[in-house]
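One letter stands for each residue in the lines below.
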Amino acid sequence: MVGFFYKISFICPLCSVSDTKTFFVFSKEPFEDGYANGEEGTPAGDAAAAYTPDSKGVVKFGWIKGVLVRCMLNIWGVMLFIRLSWIVGQAGIGLSVLVIGMATVVTTITGLSTSAIATNGFVRGGGAYYLISRSLGPEFGGAIGLIFAFANAVAVAMYVVGFAETVVELLKENGTLMIDEMNDIRIIGAITVVILLGISIAGMEWEAKAQIVLLVILILAIGDFVIGTFIPLESKKPKGFFGYNADIFMENFGPDFRQEETFFSVFAIFFPAATGILAGANISGDLADPQSAIPKGTLLAILITTLVYAGIAVSVGSCVVRDATGNVNDTIVSELANCTSAACKLNYDFSSCQSQAGCHYGLMNNFQVMSMVSGFAPLITAGIFSATLSSALASLVSAPKIFQALCKDSIYPGFQMFAKGYGKNNEPLRGYILTFLIALGFILIAELNVIAPIISNFFLASYALINFSVFHASLAKSPGWRPAFKYYNMWISLIGAILCCIVMFVINWWAALLTYVIVLGLYIYVTYKKPDVNWGSSTQALTYLNALQHSIRLSGVEDHVKNFRPQCLIMTGAPNARPALLHLVHAFTKNVGLMICGHVHMGPRRQAMKELSTDLAKYQRWLIKNKMKAFYAPVHAEDLRDGGQYLMQAAGLGRMRPNTLVVGFKKNWRQGDMRDVETYINLFHDAFDVQYGVVVIRLKEGLDISHLQAQDLLSSQEKSPCAKDVIVKVDYSKKSETDTSIDGSLGEVPVYSKSSSSPLNVTDQRLLDASSQFQKKQGKSNIDVWWLFDDGGLTLLIPYLITTKKKWKDCKIRVFIGGKINRIDHDRRAMATLLSKFRIDFSDIMVLGDINTKPKKENIAAFEEMIEPFRLHEDDKEQEVADKMKEDEPWRITDNELELYKTKTYRQIRLNELLKEHSSTANIIVMSLPVARKGAVSSALYMAWLEALSKDLPPILLVRGNHQSVLTFYS
């Protein structure tokens, strides 16, 4: 763990500025506990460094111009002028208000969720993408960011085509079409989008001014309609407009669905009108105070626009009848018996509309009702122009801003070029051009009826995830989730997310499914690519919370033999220096048990504590990068044995604690300091004392490739903030300052010059090849199990687990056991029965009747020659000299000890002969580890046994369980 210590500036409150500076320079000398004072910033200082004042000349908007105006313009779309009256005609005033209310519920919940996220820390550019990615992580953020930017780009085309269609209708009325309707829409649309692009590129200030002008026109148009409702002209009555009338209100209050329309189809048509609530949040990077502006502007815009929509729905439903002929001759001279409509009561007979499809006026038949009702019709046309152009302009600005933020985060490396900004406002000019080209392409297609529901669903998917973000963050209970905006509720946000998903299907079921598929596809892509970002998302927080809760729950469960799994503490030192050790252990712990890489740092505490924190991040990153499901656990200790004891006692959590110690064979034991051998052997005894099993792994080529890894270690630190402190030159003469690991080597990885590119010698090349042998598919070969002692079954369980892995699945298990020559068949059958009960597949069982035969003389002689430098030869020395020597060098082999354990010595030599005879072609050998009684057998003799037993063989695992059963017959 990394501790954070801040400068304590109040230590000297009376010091001058210069004195304070001097104090901090002086206090960079590390404390005795290893942490350097003054290396971390104060919270206020960090905030000041991260969020510097705005540069001179940068345009920043307040909540009115930046959020309120944009949201109102986007929500008040063309729907207000040419579809709302038709919705009232179909659904009636009551259901129309309900439709508006339902849409408002969804947008209000989303607005509350947006406000909560926006006030939970500083908000930078990127709008919906920034809010979602920083809350749920890059996977959801990257998926939504891309489709949301694309949706805004296509929305530009939709709004521009809406504008062009209105212009073409005016040209058609006046008989001034340029070519034909379709091509005129394309020409006008293309010209319009070029003008909008020019306004956008001119800068946010010009774009904001244009939005203000458009808002004024829009408000005037709405006012024009309201005034017109109070002026019912006689000329407008044949078209169905009679002014406010209670009979018309009552007649239009209920629904009258026609042409197979339903409540939900009408709702689907209206809802896209309410999808402009993120227009302000989308330019969050251009807001002076996004934390304050987004909640105020968004929620007030929703309130104002909802009231206007509902007010206009009630007004138009109270003034205009559903059907009208437009014929002034349809006035009633005498009372008709069968005419009971509101129009009849106002002396107009529009009953002919029920029998023939000749009516072109009224709420149901005329999309231009608001123009007809208004006091000055051209102003309504100007309002339509304003609504379409303002929405197009907002989308044209939003799409590049969102896309730029997405590209800056390198979620999709192929789009990196669009991250570049220009000018004082960091304008995404490349994004503007891309958005322009996408919009122009769809304008030229001029067929947007199919794409429109997809765009609406893209917006809704964003709203759903914003709501889900608030729920998820609240559920995760992260201490970092502290929104300044308090008016939200996690369950209401969840309901909002569900409502958004339901509305997606209501609008268009196939578009909803397509949206889900696209979001899921992008999510899988980003998850697979694993972008190197860490935003403290609620996904991380919830993962931690789930892990914590499950760990605590697991702690209350007693261990059971059926659930036993090898959970390994591997004494690796630097993990990347011994890849073969890691990969072999990973073969039987991956997705099965715990794997912890132990690393003992020795030497001065001050230096070691610095290395611990940097190594923890560095090597955990290395394990993840190499897809090793393991943890890295460094400790500082006075010597290796103490460090091993610390790890065995403290590593793990609850039930997720190691139960097996794994070490590499100490290959250089004969050349090294025998005190290190004493420490090595004592670790085995310490492991048995704390009920651990022990596994010793030996490769004849060796395990340690640290001297070949210097350049790789350096390159693996390109992202480390303290790379310069990670690898240091080591003076091997100062053993107390070295870093220790177990496989026969002591010391930190030495640093070699990057320029040294001399070819490897044969030994090093073999070592390098051997280090990667367990990363390859093993093919059809054998795993030989020499089960010589009953240790609880660990010697059998490990090879079984290895064969369950993909790389080892073609390997067969062969079992070797000791026995008597006259009972070989009986012992084989008994072992086969036992293995069948354990449900362990095997290809062969071999009973070795000659296991106790005396080994060959040359092998005995070679053993005696190997141990000669370590013998005490007390019979050739005086008693006092011999006793003194044994006291100073307890690892030495006495003549009495050698004679006493002669049988056991011969057994190890003989086993090696049998291993070479039967298992020389095996992929790996798993064999029972011989154990010497603590204090009875010298370290040199025990190491000589292990050497004699395992030399010149394929990779071998010497295994000894803690005599607790790990296999059972029962289900």
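An unreviewed UniProt entry annotates the protein as Solute carrier family 12 member 2 of Zonotrichia albicollis. The UniProt entry for the protein carries this comment under Catalytic activity (unreviewed entry): "K(+)(out) + 2 chloride(out) + Na(+)(out) = K(+)(in) + 2 chloride(in) + Na(+)(in)".

J.: Would you mind going over the overall build of the protein with me for this structure?
T.: Along the protein, the regular secondary structure elements total 34 helices and eleven strands. Here the protein holds 971 residues, and 52% of them are scored as buried. Per element, the accessible surface of the protein, about 44,800 Å² overall, is 59% carbon and sulfur.

J.: Any chance you could explain the confidence of the model for the protein here in plain terms?
T.: Should the pLDDT be low somewhere, the predicted coordinates at that spot are not to be read in detail. Here the protein shows a mean pLDDT of 80. Residues at 70 or above account for 86%. Per-residue pLDDT stays below 50 along residues 1-55; that stretch engages in 44 contacts with residues further than four places along the chain or on separate chains.

J.: Mind showing me how you'd approach the layout of surface pockets here?
T.: In this approach, a probe sized like a water molecule rolls over the atoms, and the result shows the empty space that is left. There is about 1,600 Å³ of room inside the second largest pocket. What lines the second largest pocket is a set of 46 residues, and nearest its centre among them are Val 78, Ile 82, Arg 83, Gly 162 and Glu 165. When residues of the lining of the second largest pocket are traced back to their parent elements, those giving at least two are α3 (63-75), α4 (79-82), α7 (138-173), α8 (181-202), α11 (263-270), α16 (377-408) and α18 (451-476). Of all the elements, α7 adds the most residues to the lining of the second largest pocket, at eleven residues.

J.: Which parts of the structure should I look at to understand the pattern of salt bridges?
T.: Side-chain pairing between opposite charges can occur once the charged atoms of the two side chains come close. This structure, assessed with the given rule, holds 23 salt bridges. In this structure, Asp 952 and Lys 916 form a salt bridge, with 3.9 Å as the shortest nitrogen-oxygen distance. Taken together, the residues span a long stretch of sequence, with Asp 952 in the loop between α34 (939-950) and β11 (956-960) and Lys 916 in helix α33 (residues 902-918) at a distance of 36 residues. Connected through salt bridges with shared partners, the residues Asp 256, Arg 258 and Asp 323 form a single ionic network.

J.: Just to check I follow, could you spell out helix α23 (residues 605-625) for this structure?
T.: Since the α-helix turns once every 3.6 residues, residues separated by three or four places project in the same direction. Relative to the 30 Å expected for 21 residues at 1.5 Å per residue, α23 spans 29 Å between its end C-alpha atoms, a close match to the ideal helical length. By the largest-angle criterion, Asp 615 marks the main kink of α23, which is about 30 degrees. Every buried residue of α23 is listed here: Ala 608, Met 609, Glu 611, Leu 612, Thr 614, Asp 615, Lys 618, Tyr 619, Trp 622 and Leu 623. Count one or two residues on from α23 and you reach Lys 627, which has phi positive near 60 degrees.

J.: Even after reading the chapter, I still don't get the pairing of strand β9 (residues 844-848), so can you show me in this structure?
T.: Strand residues, when the strand is regular, have side chains that alternate between the two faces of the sheet. Sheet analysis places strand β8 (residues 812-818) next to β9, joined by five bridges and oriented parallel. Bridge pairing in β9 places Phe 816 opposite Met 846. Note that the unit made of β8, helix α29 (residues 824-837) and β9 has a crossover that is right-handed.

J.: Just checking my understanding: could you explain the packing of aromatic side chains for this structure?
T.: Two aromatic rings, taken as a pair, are described by how far apart their centres are and by the angle between their planes. Inspection of the entire model under this criterion finds 27 aromatic pairs. Ring centres of Tyr 412 and Tyr 525 lie 5.8 Å apart, and the angle between their planes is 10 degrees; this geometry places the pair in the stacked category. Taken together, the residues span a long stretch of sequence, with Tyr 412 in the loop between α16 and α17 (429-445) and Tyr 525 in helix α20 (residues 509-529) at a distance of 113 residues. A relative accessible area of 7% places Tyr 412 in the buried class. Look at Tyr 525 and you get partly exposed, because its relative accessible area is 34%. Between Phe 505 and Tyr 516, the aromatic rings sit 5.7 Å apart at their centres with planes inclined by 45 degrees, giving tilted as the arrangement. Within this pair, whereas Phe 505 is found in helix α19 (residues 490-507), its partner Tyr 516 is found in helix α20, the two being separated by eleven residues in sequence. Classification of Tyr 516 as partly exposed rests on a relative accessible area of 31%.

What counts, and where the lines are drawn
- Every residue gets a number counted from 1 within its own chain, in the order that chain's sequence is written.
- In keeping with the model being predicted, local features are shown solely for residues with a pLDDT of at least 70 and side-chain atom pairs are shown and tallied solely at 80 or more, while totals for entire chains, interfaces and linings include all residues.
- Working from all heavy atoms in the structure, the side-chain values ignore hydrogens and water.
- UniProt positions are given in the numbering used here, feature names are shortened, and annotations may be inferred rather than shown by experiment.
- Runs of E in the DSSP output that reach at least two residues are strands. Runs of H or I that reach at least four are helices, and both are numbered from the N terminus.
- Note on exposure labels: buried denotes an accessible area under 20% of the residue type's maximum, exposed denotes more than 50%, and partly exposed covers the range between, all computed with a 1.4 Å probe on protein chains only.
- To be clear on the numbers: accessible area is Shrake-Rupley with a 1.4 Å probe, and residue cover counts the displayed protein chains and nothing else.
- Along the chain, pLDDT gives the predictor's confidence residue by residue, from 0 to 100.
- For this analysis, residues touch if any pair of their heavy atoms sits within 4.5 Å.
- For each structure, a 1 Å grid was placed over the protein atoms alone; sets of points admitting a 1.4 Å probe that cannot get out are labelled cavities, open sets with protein on both sides within 12 Å along at least five of seven lines are labelled pockets, and lining residues have an atom within 4 Å of a point.
- Grid points are joined across faces, edges and corners, and a volume is the space filled by probe spheres set on the points.
- For salt bridges, the criterion is a side-chain nitrogen of Lys or Arg within 4 Å of an Asp or Glu carboxyl oxygen.
- In this scheme, a helix's expected span is set at 1.5 Å multiplied by one less than its residue total.
- At every residue, the bend is computed as the angle between two fitted axes, covering the seven residues ending there and the seven beginning there respectively.
- Pairing between strands is defined by DSSP: at least two bridges between the two strands are required.
- With the strands pointing away from the viewer, any crossover whose connection runs clockwise from the first strand over the helix to the second is right-handed.
- Aromatic pairs are defined between Phe, Tyr and Trp rings, using the six-membered ring for Trp, whenever the two ring centres lie within 6.5 Å; interplanar angles under 30 degrees are classed as stacked, those over 60 as edge-to-face, and all others as tilted.

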